[in-house]
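Chain by chain, the residues:
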Amino acid sequence: MNPLDLFDVAGALSEEERMVQDSVARLVDEKVLPIIQKCFEEHHFPKELVPELASLGLLGSSLKGYECPGLNAISYGLICQELERGDSGIRSFVSVQSSLCMYPIYAFGSEAQKQKYLPRMARGEVIGCFGLTEPHGGSDPANMKTHAKRRGTDWVINGAKMWITNGAIADLAIVWAQTPEGIRGFLIEKGTPGFAAPEIERKFSLRASVTSALFFDNVVVPQENVLPDVVGLKGPLSCLTQARYGIAWGVIGAAQACLAQVLEYSKTRSLFGRPLAQNQATQIRLAEMARGITTAQLLALQLGRLKDQGTLQPTHVSLAKWNNCRMALEVARDCRDLLGAAGISAEFVPIRHMLNLESVITYEGTQTIHQLTIGRALTGLNAF
Ligand code: TGC
Ligand code: FAD
């Protein structure tokens, strides 16, 4: 039995899905793992990997046309899983580019916007960021303060966004702002006067990813840069459904990376005259991790099948994102502990994954937000 795939999820995949997974796994083994710990320590996003990600078709992988490969949902999940086995920061980059930036242009953009941005984004020549969260509170985006007012045929945007992945390196920001008609999406290019995207320094988590604030001081945006086909919170929330789907798969990779390392370690570490792995207490902990990973894999697989057959509901995604993030964080924390003092060393992966997963469980809706979403679906009563 493969300890990282006890229920043979690999056997349930199509040949194409397995090929996608294998090619991303190779990229992670050859290009990500050798550099990622240093990137994390140095608080550096390895931008040099972007052309590699693009050449494998990992940017906008689910979209059809516009130089995107049109892979199915399971393949997108496997891409996220393999990337996050490397580091949540690399998966974050791909999630934001694909699900939060290319998807809204694809789903809600004009044909001219699609032609202008999607092929270049698929090639990694244009990097996107997604501005929804604001400094006063991200869980309740309906209460956003950033606003856009019409001025002739243009719009003028004022406000601020916070905790924005890719912000400082983005060529294009998808920014959600309140308008008299409701919340709308605006495409703001780097260098637009009044727009700034300073990086947030001094993070303990996702250190191999760029996180920024966005500031808008009378930023003028032409009408042609407004997403024409959506008004209201369902615009940004439907992008979140795409990205949360990828996270539900991605975090499995982080948990697998931790378990793989601890299995090796506990078999070779000898304490009280026997391998650490030969203690009942250790085996119970390892079995608990395998239970968590296996149930998360099966949840993700069914989630993908629902998405591919077009019956996926946001509540399914909430449950999977919540369950799988929590599982991965618990696995990473326990692996860190099983390594003893070595668990705090940069030589081992669990502490890096653990610190990353503290962000992953918070962004794209905290545990509480997803629990309340499920509670609302169960009871029909809105507790927000
Ligand atoms: P609510 O009344 O529930 O909904 C308003 C409208 O939106 C529709 N809708 C959805 N559509 C698609 N997908 C979803 N998940 C949807 N949820 C709701 C809904 O049908 C309705 O449509 P309509 O036509 O009736 O207007 O809105 P609410 O104000 O009660 O809020 C619900 C709540 C709390 C669940 C929502 O605000 C929420 O999800 N809050 C959490 C915010 C969040 O997750 N922010 C993430 C920011 S981006 C990010 O973190 C990127 S990290 C990326 C990385 O690095 O990987
Ligand atoms: P708050 O909303 O202030 O929540 C604080 C606490 O209150 C949480 O524990 C929450 O669960 C709890 N809470 C909220 N509502 C309730 C309630 N009704 N009942 C009980 N408890 C409640 N955002 C973007 O828009 N784009 C990005 O690219 C992006 N990237 C990110 C990258 C990183 C590394 C991080 C850490 C965050 C990123 N975010 C991004 C922001 C992220 O989505 C928010 O942090 C998240 O939605 C939570 O918002 P908040 O941090 O303001 O917490």
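Note that the structure is predicted; figures quoted are calculated from it, not measured. (Residues numbered from 1 in each chain as written. Chains lettered and ligands numbered in written order. Predicted model: local features only at pLDDT ≥ 70, side-chain atom pairs only at ≥ 80, totals over all residues. Heavy atoms only, no water.)

Quick look at the side chain of aspartate 5 now. On the secondary structure map, aspartate 5 appears in the segment before helix 1 (15-42). A distance of 2.9 Å separates the side chain of aspartate 5 from the backbone nitrogen of alanine 10, its partner in a polar contact. With residues up to four places along the chain from it excluded, the contact list for aspartate 5 reads Ala10 and Gln297. (Helix = DSSP H or I, 4+ residues; strand = E, 2+ residues; numbered from the N terminus. Polar contact = N/O pair within 3.5 Å; in protein donor to acceptor, adjacent residues only side chain to side chain. Contact = heavy atoms within 4.5 Å.)

Looking now at the pattern of salt bridges. Tallied over the entire structure, the rule returns 18 salt bridges. Its salt-bridge partner being glutamate 17, residue arginine 305 comes within 3.9 Å of it at the nearest N-O pair. You can see arginine 305 sitting in helix 7 (residues 280-308) and its partner glutamate 17 sitting in helix 1, a full 288 residues away along the chain. Exposure remark for glutamate 17: the relative accessible area of 4% places this residue in the buried category. Ionic pairing is found between glutamate 181 and arginine 184, a salt bridge with its closest N-O pair at 2.8 Å. A network of salt bridges, in which partner residues are shared, links Asp29, Glu82 and Arg85. (Salt bridge = Lys/Arg side-chain N within 4 Å of Asp/Glu carboxyl O. Buried < 20%, exposed > 50% of the residue type's maximum accessible area, 1.4 Å probe, protein only.)

This part is about the site of ligand 2. If you check the shell around ligand 2, you find 17 residues, and the closest are Thr133, Gly138, Ser139, Trp163 and Thr366. Phenylalanine 130 places a polar main-chain atom, nitrogen or oxygen, 2.9 Å from a nitrogen atom of ligand 2. Leucine 132 has a polar backbone atom sitting 3.0 Å from an oxygen atom of ligand 2. Elements that contribute at least two residues to the shell around ligand 2 include exactly strand 5 (154-165) and helix 10 (367-379). Ranked by residue count, the leading element in the shell around ligand 2 is strand 5, at three residues. Considered class by class, the residues forming the shell around ligand 2 number seven nonpolar, nine polar and one charged. Split by domain, the shell around ligand 2 shows at least three residues from each of two domains, domain 2 (128-225) and domain 3 (234-379). (Near = heavy atom within 4 Å. Nonpolar A, V, L, I, M, F, W, Y, C, P; charged D, E, K, R; others polar. Domains from an automatic or database assignment.)

The next point concerns the packing of helix 4 (residues 88-108) against helix 5 (residues 111-122). It is at 9 Å that the axes of helix 4 and helix 5 come closest, and there the two elements cross at 160°. Judged on the interaxial angle alone, helix 5 and helix 4 are roughly antiparallel. Judged by the twist between their axes, the crossing of helix 4 over helix 5 is left-handed. For the pair helix 4 and helix 5, the contacting residues are Gln97, Cys101, Met102, Ile105 and Tyr106 in the first and Gln113, Lys114, Tyr117, Leu118, Met121 and Ala122 in the second. Split into classes, the residues belonging to the contact of helix 4 with helix 5 amount to eight nonpolar, two polar and one charged. (Axes fitted to C-alpha atoms, helices over the stretch in contact; angles between N-to-C directions. Parallel < 35°, antiparallel > 145°, perpendicular 65-115°, else oblique. Left-handed = near helix turned anticlockwise from the far one by under 90°.)

For the protein chain, the domain assignment lists domain 1 (9-122), domain 2 (128-225) and domain 3 (234-379). Listed as interface residues are 28 residues of domain 1 and, on the opposing side, 34 residues of domain 3. It is Val9, Ile74 and Gln81 that lose the most area in domain 1 upon contact with domain 3, and together they represent 21% of the buried surface on that side. Viewed at the interface, domain 3 and domain 1 are joined by two salt bridges. Those elements that place two or more of their residues in the side of domain 1 that touches domain 3 are helix 1, helix 3 (73-86) and helix 4. Element by element, the count of residues in the side of domain 1 that touches domain 3 is highest for helix 3, at ten residues. Tallied by class, residues from the side of domain 1 that touches domain 3 come to 14 nonpolar, eight polar and six charged. (Buried area = accessible area lost by both parts, 1.4 Å probe.)

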